[in-house]
Amino acid sequence: MSLSVVLFLVFAVLAIGAAIRVVFCHRIFHGAMWLIVSFFGVAAIYMLLESPFLAGIQLFIYIGGVAVLTVIAIMVTKRVMAPNQRTLNDPVSAGIVALALFGVMVWMILSLPLPMAPTAPVIEGGLELLGAALVDPQGFLLPFEVVSVMMLVVLVASLYLGRER
Amino acid sequence: MADVDVIAVLQEAIAGGGPLWLQVLLRVAGAFGMALVPLVSVVFLIWESRKVIARMQDRLGPTNAGTPAGPWAIFQTVADAIKILTKELIIPEGADKVVFIIAPVLVVAVAIAMWAVIPLGPPETGLQVVDLEIGAFYVVAIGSLAPFSMIMAGWSSRNKYADVGAFRAVSQIIGYEIPQIMSLLVPVLLAGSMSLQEIVASQDVAYAISVPLVALVYFLAMLAEVGKLPFELAEADSELVAGYFTEYSGMMFGAFYLGEFINAFTGSVVFSLLFLGGWRGPFVDVVPWLGPVYLLVKAFLVFNVMNLFWASMPRLRIDQVLAFNWKALVPMGLVVFLVVALTDKLMWRAGVPEGWARAAGLLLSNVVVGGATALLLVWYKRRLMRRRAARFAPAAVPAKAEA
Amino acid sequence: MIHPYALVGLFLLVAAIFGVAPQLIAWYLSPKKPSHRKLQAYESGNPTFGETWIEFKPQYYLFGLAFVAFDVEAAFLFPWALAYHQLALYAVVEAILFVGLLGFGLIYVWRKGWLTWM
């Protein structure tokens, strides 16, 4: 058991444990806080995978963006709901759907040929290569530009939906 | 017991050899040392700010009239710190205890965490905890954790004013992160690296000279991020009581205040690293330890420019703050980033040599963009004036339409 | 040699300690005399009335969403900026297209007046 395996287990338990807490939390705001802890766990795992840039992205987009947005949504809509109102009308159907989804995901993951050890060596200067690949027509140029279109849609559509009437 | 040459063992440990526990110990000591830099600096800077701003506003600021605060009250901050540490910590009834307490801890922890990558001097002096190859990005990533302490403080206080204050502060902070990142990307672009040491090393011509518009955008965005006037609505001293930290007392309040000053200082240091050449200066290659001196002097100057703003500007409202960000700073940040990237690449194609020639070219591009923006604003203002005149003089309009 | 990422982790720990320490010191040094008045929410000296409640403003959320859109944009520009010196001119043009698309979106919502804060 090398140090990196131990650390990985620690952070994995943290990430999953926090995620479970998110679901079972009584107060929804605490749930959001646990979600952030879970994101931190994932960021730590990225660091273990020798990818500090991805860890930073996790911090900066997931925590700094998505989590903040989620919390704003919670804070703003919580006013509309009474504190302990049950929002789930039909727990049985919800449970069936959730289990089915879980089953599909497990089946997909198990059907992938997973390598048991890392096969790709860590490349020095990997980020520059990524940058070059992003604009390479034989590389990821199309997805790169499509991301921009997607963000355009997000921006315009959401502001349209929320416009003052 | 055998004679151990302590100095030799220490030197070996610093160089990277020696027993592991000694290396770890040294690193821990170094980390503590680096973490103390912002704290100690802030003690001085809080006093200095109060004095300087007071003088700018034609008053005296803290003096030692009758109190044991030292000549010119230099121990004022220490006295304030002692006072605040002994105040009762009141947690309001309905407050969410755990979150309420974590918020001030987070504020200070995040503020200090940024110092992991700050190089105080050239690599020979080893005055940096880690030179991460993603240094600049690390600063951005840690900075993006800032809104959380505000949300946590505002929400857990269960107080309307704190809530509103938190929302507004968060909107401001996340908004201004965009121009901050776009302008930070320019030194990264020009240096070809995110490592702060390499960005400093690549500044044969300081970026504030070759791309002043970018430096301006970064400075303004940074002002908003740390919450200094005119972007001070998070505190809003005379409006929402104290904004999102209304319900905090004692050191918990002190933590927010401390965090703000540390962030302001960190922002000045990062600005100096990115745009003012950091620890570079005359004779640094001969005497590397001059490096931190230069850096601190530059950061001090930037910090005092912020004080100048603080002393003289009124506070902007939330709608003005957001309008300025999304309608002025973000477009400017995007445009100037693209223009700089394009200009540098064109110069590279044309074979312009590195150094002063390239810097001049970039400066020219900045001036062009700045000039175009100025013209655009003037034209827009004229149009606005004309429209207003037309509204108040309707008789004139049909005459013009006929002619 | 100690791994640089371990050093980062170490420093984060140190930073956390520096965050907790002042609170611990203050908790030790400060008096603890809670009273009903002190524990109430602050409303300029008047007792609070009604549940603490603020208006529902979608603007907060929308500006956050706009932020996320540009955030993702910026994240993609970091690797591009690193590779900049090895890239040809057309790569810059592509980046202009990338940023320009979203910039166009910004101008569009601006002109439509959806960027105003109430």
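Since the model is a prediction, treat every value here as computed from it, not as a measurement. (Residues numbered from 1 in each chain as written. Chains lettered and ligands numbered in written order. Predicted model: local features only at pLDDT ≥ 70, side-chain atom pairs only at ≥ 80, totals over all residues.)

On a plain count of helices and strands, chain A comes out with 6 helices and 0 strands. Each helix (α) and strand (β) of chain A, taken in turn from the N terminus, gives the series α-α-α-α-α-α. In chain A, which comprises 165 residues, the proportion classed as buried is 24%. Of the contacts formed within chain A by residues at least 6 apart in sequence, a portion of 46% connects residues at least 24 apart. (Helix = DSSP H or I, 4+ residues; strand = E, 2+ residues; numbered from the N terminus. Buried ≥ 20, exposed ≤ 12 C-beta atoms within 10 Å, placed from the backbone. Contact = placed C-beta atoms within 7 Å.)

You will see that A:Glu50, though not glycine, has its phi angle at about 60 degrees, which is positive. Within the secondary structure layout, A:Glu50 lies in the loop between α2 (28–48) and α3 (52–77). Here the phi dihedral of B:Asp58 falls at roughly 65 degrees; this positive angle occurs in a residue that is not glycine. Owing to 7 C-beta atoms within 10 Å, B:Asp58 belongs among the exposed residues under this scheme.

Before going further, it helps to examine the environment of C:Leu65. One can find C:Leu65 in helix α3 (residues 58–83). Setting aside residues no more than four positions away along its own chain, C:Leu65 makes contact with A:Leu69, A:Val154 and A:Ser158.

This part takes up the interface of chain B and chain A. Interface size is often expressed as the accessible area that is lost when the parts come together. Residue-level contacts link 14 residues of chain B with 12 residues of chain A. Put simply, the parts of the chain that give the side of chain B that touches chain A at least two residues each are α5 (135–143), α6 (146–156) and α7 (160–191) of chain B. In terms of residue count, α5(B) provides more of the side of chain B that touches chain A than any other element does, 4 residues in total. In the side of chain B that touches chain A, the residues fall into 13 nonpolar, 1 polar and no charged. (Nonpolar A, V, L, I, M, F, W, Y, C, P; charged D, E, K, R; others polar.)

Attention shifts here to the interface of chain C and chain B. Counting residues at the interface gives 54 residues for chain C, matched by 69 residues for chain B. At 18 residues, helix α1 (residues 4–29) of chain C tops the list of elements feeding residues into the side of chain C that touches chain B. Looking at the side of chain C that touches chain B residue by residue, the class counts come to 43 nonpolar, 8 polar and 3 charged.

The element α6(B) is extensively covered by neighbouring structure, given that 11 of its 11 residues are classed as buried. Those residues of α6(B) not exposed but buried are B:Ala146, B:Pro147, B:Phe148, B:Ser149, B:Met150, B:Ile151, B:Met152, B:Ala153, B:Gly154, B:Trp155 and B:Ser156.

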